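# Fold and geometry: a report
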Amino acid sequence: MSIQNKVNLITYPDSLGSNLLELHYVLRRYLEHAVGGVHLLPFYPSSADRGFSPLTYDEVDPAFGTWGDIEMIGRDFDLTFDFMVNHISRQSSYFQDYIEKGQDSKYADMFLSFNKLSPDGEIDEEILAKVYTRKPRPPFTMVERADGSREKIWCTFDYEQIDLDLQSPITKEVIRNYLIRLARTNAKMIRMDAIAYTTHELGTNCFFLEPQIWEVLDWLKEYIAPFDTIMLPEVHEHYSYHLKIAAKGYWTYDFALPMLVLHTLYHHTSERLKNWFRICPRHQLTTLDTHDGMGVVDVKDLLTPEEIDRTMNGLDEKGSNTRKLYSGEEYQNLDVYQVNCTYYSALECNDDSYIAARTIQFFAPGIPQVYYVGLLAGENDIELVERTKNGRDINRHNYTLDEIEDAIQKPVVQRLLKLMEFRNSYPAFDGQFVIKEAPDDHLQLAWTQAPYHATAHIDLNTYVSEITYYDHIRRKNISFIV
């Protein structure tokens with residue numbers, strides 16, 4: 001594979017320092033051995049959603065830096081870029097040209113006008129109600145032109161994020177050029193954001209429709225594969241979607257892990273987590289925290305409804321009651337499928353519990369990703385979320401260089417960095433994964449690649465994590481408490 005089996009960092013271009021130049025400095029100064037790759041969240045010019053409403057992929061937002069800055073980071077770390085395959089910004093030149101010229105625009109066919117979908121430009125509410133959206137509103141926006149004419153346009157997410165018609169030749173041409181451009185710019189992996197929303201068929205939920213979704217993935221892969229760039233489909237839903245994606249040979253995410261680990265640590269039981277580890281994909285990226293919230297729908301049927309409720313209630317108690325306070329309409333965050341909270345706060349800022357969670361993640365099948373707030377054991381940023389009224393900002397604090405220097409010195413962060421360095425350097429993680437026998441209130445996970453072997457033993461009552469590994473130089477087993 002073209003991507004290293006090492007811990008990846010997820011960060012915005014202006015979250016560890018104020019721009020890409022400072023980010024590179026932080027990576028080289030503090031994280032050179034702890035991080036093998038960087039998932040660089042959108043750095044393109046964008047009109048909303050902190051980069052996820054791109055105007056273009058040909059430019060780097062000047063506030064962050066230049067392509068040269070990104071190429072410099074790519075010399076030292078594997079890079080993952082985002083491609084918002086479902087939509088583009090309302091302010092993009094493509095959509096603005098369409099607003100101005102209507103059907104005379106060369107880009108008219110890029111978008112899903114209701115006039116294209118229905119003879120009279122209208123779609124029954126019953127049909128629209130079937131569409132799977134994350135927001136409690138119909139999946140369209142109204143465009144009003146200078147001449148007073150009005151037109152409904154398909155819009156699944158924010159009104160600044162206009163859906164693309166991936167069946168259109170002009171859309172395919174635009175996407176092709178963008179993907180080739182990104183794949184040539186040091187990208188080891190490109191994440192296809194919101195891929196499940198690219199399939200549209202009236203009368204269905206328009207979500208991950210088969211076989212259309214596989215056709216879309218095949219032609220997207222066609223443009224990046226020649227550059228040895230891996231495609232990562234992003235789907236937040238039931239775990240069975242990830243099993244399907246993996247069965248087709250694609251990399252995928254373990255979005256079930258965050259809630260499963262909370263359930264394991266809150267309730268001192270390893271049964272559900274071990275069941276998941278037996279069946280989960282092997283070519284996956286594992287997460288505990290990301291720029292979004294912790295997924296709930298992802299864990300359905302891996303936990304019972306009662307177990308989910310119990311874990312959510314525990315999260316309310318331990319995570320400063322963030323779900324009830326900062327997920328309502330006032331905070332512009334009506335997604336019911338995610339919980340907004342830093343992972344450190346979700347574990348009551350308990351260092352041992354937090355390190356236990358990361359030990360589980362790093363010994364799970366797949367390549368671990370660590371979100372920048374989690375890297376620094378960040379707590380809920382109540383001040384930021386109350387200022388912006390955006391629930392997700394509770395886990396999106398931007399760190400200055402001085403704040404980073406202070407946070408790095410925290411004992412829990414030093415423990416985490418040591419664990420990350422071990423995960424990156426020990427050869428057994430390229431071998432076979434084994435779940436060892438242990439009582440339900442303990443967890444033992446092991447990796448073996450002869451002569452190397454490493455076992456993590458997590459006590460789910462005390463949260464003490466101990467790693468035992470074979471030191472081939474001293475030719476004996478060594479143990480240490482993480």
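Below, the structure is looked at part by part. (Residues numbered from 1 in each chain as written. Predicted model: local features only at pLDDT ≥ 70, side-chain atom pairs only at ≥ 80, totals over all residues. Heavy atoms only, no water.)

### Details of the pattern of salt bridges
Going through the model one piece at a time under the given rule, you end up with 21 salt bridges. One salt bridge connects Arg 28 with Glu 32, and the closest N-O pair in it is separated by 3.8 Å. Under the relative-accessibility criterion, Glu 32 is labelled partly exposed at 41%. Across the salt bridge formed by Asp 292 and Arg 396, the nearest N and O atoms sit 3.5 Å from each other. Of this pair, Asp 292 sits in the loop between strand 11 (284-286) and strand 12 (294-295) while Arg 396 sits in the loop between helix 16 (382-388) and helix 17 (401-408), and the two are 104 residues apart along the sequence. Given the relative accessible area of 4%, Arg 396 is considered buried. Each member of the salt-bridge network shares a partner with another, and the members are Arg 28, Glu 32 and Asp 76. (Salt bridge = Lys/Arg side-chain N within 4 Å of Asp/Glu carboxyl O. Buried < 20%, exposed > 50% of the residue type's maximum accessible area, 1.4 Å probe, protein only. Helix = DSSP H or I, 4+ residues; strand = E, 2+ residues; numbered from the N terminus.)

### Concerning the packing of aromatic side chains
Aromatic ring pairs are defined here through the distance separating the ring centres and the angle between the ring planes. Evaluated as defined, the whole model comprises 37 aromatic pairs. Aromatic pair Tyr 132 and Tyr 197: ring centres 6.4 Å apart, planes at 25°, arrangement stacked. Here Tyr 132 is found in the loop between helix 5 (125-129) and strand 5 (140-144), whereas its partner Tyr 197 is found in the loop between strand 8 (187-193) and helix 7 (212-224), with 65 residues between them in sequence. Geometrically, the ring pair formed by Phe 208 and Trp 214 is edge-to-face, given 5.5 Å between the ring centres and 90° between the ring planes. The pair Phe 208 / Trp 214 is uniform in exposure class, with both members buried. Just above the ring of Trp 67 sits the side chain of Arg 181; from NZ or CZ to the centre is 4.0 Å. (Phe/Tyr/Trp six-rings, centres within 6.5 Å; stacked < 30°, edge-to-face > 60°. Lys NZ or Arg CZ within 6 Å of the ring centre and 35° of its normal.)

### Brief notes about the state of the cysteines
If you walk through the whole model with that rule in mind, you get zero disulfides. No disulfide involves Cys 206; its nearest neighbouring cysteine sulfur is the one of Cys 155, lying 14 Å away. For Cys 206, a relative accessible area of 4% puts it in the buried group. (Disulfide = S-S within 2.5 Å.)

### With respect to the nonpolar core
Grouped together as the largest cluster of nonpolar side chains are 148 residues, with contacts concentrated most on Phe 83, Phe 111, Met 192, Leu 220 and Phe 277. No other element matches helix 7, which puts eight residues into this core. The contacts of Phe 277, once residues within four sequence positions are left out, are Leu 257, Arg 282, Ile 360, Ala 364, Pro 365, Phe 433, Ile 435 and Leu 445. Ile 230, Leu 232, Trp 251 and Tyr 253 belong to the second largest nonpolar core, which has nine residues in total. (Core = buried A, V, L, I, M, F, W, Y, C linked by side-chain atoms within 4.5 Å. Contact = heavy atoms within 4.5 Å.)

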